[in-house]
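Summary of structural features
Given next are the chains, with one letter for each unit.
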Amino acid sequence: MLSQCRTNGFWTTRKRASMEFITDKKFKRTCPCCNIRSEKGETVEHLLIGCPRWKEERERYIGDIIRDTMAMGPVEQKDVVILLLGGESNGRRLVSWLPSSSTTSEAITCGAFQVARFLQCIRSDRAAILREIPHKGRSVD
Ligand SMILES: [Zn+2]
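Residues numbered from 1 in each chain as written. Predicted model: local features only at pLDDT ≥ 70, side-chain atom pairs only at ≥ 80, totals over all residues. Heavy atoms only, no water.

1. Considering the coordination of the zinc ion
Looking at the zinc ion, one finds its protein donor set to be Cys31 (SG), Cys34 (SG), His46 (NE2) and Cys51 (SG), positioned 2.0 to 2.3 Å from the metal centre. Coordination at the zinc ion comes from 4 donor atoms whose angles at the metal span 103 to 115 degrees, giving a geometry best classed as tetrahedral. Within one chain, the residues donating to the zinc ion are spaced in sequence as C-x2-C-x11-H-x4-C. Of this pair, cysteine 34 sits in the loop between helix H2 (13–18) and helix H3 (44–50) while cysteine 51 sits in the loop between H3 and helix H4 (55–71); the two residues are 17 residues apart in sequence, bridging distant segments of the chain. Cysteine 51 carries the same exposure label as cysteine 34, and that label is buried. (Donors = N, O, S within 2.8 Å, 3.2 Å for Na, K, Ca; no water. Tetrahedral: all angles 85-135°; square planar, octahedral: opposite > 155°, others 65-115°. Helix = DSSP H or I, 4+ residues; strand = E, 2+ residues; numbered from the N terminus. Buried < 20%, exposed > 50% of the residue type's maximum accessible area, 1.4 Å probe, protein only.)

As structure tokens, this is what we get:
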């Protein structure tokens, strides 16, 4: 899921609805996990930092990293997502995103693993929610 998010290959509900794999058009603008209607519905950004359904999991796995990105100075939400996914924004990166080769304990707490753990943690609950929505063709997950 992490690499799919990084390469824009992640099947958000918005993307599924836009490609008409989900026939109910409301899901272009409504996140099925929190039922909040917004301009873009469920995007990677919403999933990672916005969706209230995953608040607990987010805090447990990536709360500190999100606060670290906020501490870098004024950052927009989309830049927080770029940094969380290991990218560079305005010349800034999260220093501890990649696992260090020297110690295993650092590897366990590096940003990449924490984001991957968060995504892994919400995966089955999210898939169960998506299975409740009628799809055509492509299967969920
Ligand atoms: Zn949501």
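2. Notes on the packing of H4 against helix H7 (residues 111–131)
Two quantities define a packed helix pair, namely the angle between the axes and the distance from one axis to the other. It is the contact of H4 with H7, at a shortest axis distance of 9 Å, that shows an interaxial angle of 165 degrees. Regarding the angle of H4 to H7, the classification is roughly antiparallel. As H4 runs across H7, the sense of the crossing is left-handed. Here Glu57, Arg58, Arg60, Tyr61, Ile62 and Ile65 of H4 lie close against H7, whose contacting residues are Gly111, Gln114, Val115, Arg117, Phe118, Cys121 and Ile122. Residue composition of the contact of H4 with H7, grouped by class: 7 nonpolar, 2 polar and 4 charged. (Axes fitted to C-alpha atoms, helices over the stretch in contact; angles between N-to-C directions. Parallel < 35°, antiparallel > 145°, perpendicular 65-115°, else oblique. Left-handed = near helix turned anticlockwise from the far one by under 90°. Contact = heavy atoms within 4.5 Å. Nonpolar A, V, L, I, M, F, W, Y, C, P; charged D, E, K, R; others polar.)

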